[in-house]
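Listed below, chain by chain, are the residues.
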Amino acid sequence: MKWILLIATVVSLTSCNTMIGVWRDTKAGFNWTKEKMQNSGGGSQEQYGAPVY
């Protein structure tokens, strides 16, 4: 019984860390893409001084 509990604990922590890593990678990719799209706008943000959403 102790081994089953230990294995279940290890598996659940591993999957939790994996999901956190996937979330961080996805968030970083989204921020990188958003920054690239906003900076390649061609100057519309600089002309008016307002942020482009």
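This text goes with the structure placed above it.
Predicted model, so just to flag it, every value in this text is computed and none were measured.

Let us look at the overall build of the chain. If you tally the helices and strands in the chain, you get two helices and zero strands. Counting across all 53 residues of the chain, residues that qualify as buried make up 2%. Carbon and sulfur atoms provide 67% of the accessible area of the chain, an area that totals close to 5,200 Å².

Looking now at a nonpolar patch on the surface. On the surface, a cluster of nonpolar side chains totalling about 540 Å² of accessible area is made up of Trp3, Leu6, Ile7, Val10 and Val11. Mapped onto the elements of the fold, leucine 6 is located in helix H1 (residues 2–39).

The rules behind these values
Residues numbered from 1 in each chain as written. Predicted model: local features only at pLDDT ≥ 70, side-chain atom pairs only at ≥ 80, totals over all residues. Heavy atoms only, no water. Helix = DSSP H or I, 4+ residues; strand = E, 2+ residues; numbered from the N terminus. Buried < 20%, exposed > 50% of the residue type's maximum accessible area, 1.4 Å probe, protein only. Areas by Shrake-Rupley, 256 points an atom, 1.4 Å probe, with all protein chains shown as cover. Patch = residues over 30% accessible without salt bridge, like charges linked within 9 Å, V, L, I, M, F, W, Y side chains within 5 Å. Salt bridge = Lys/Arg side-chain N within 4 Å of Asp/Glu carboxyl O.

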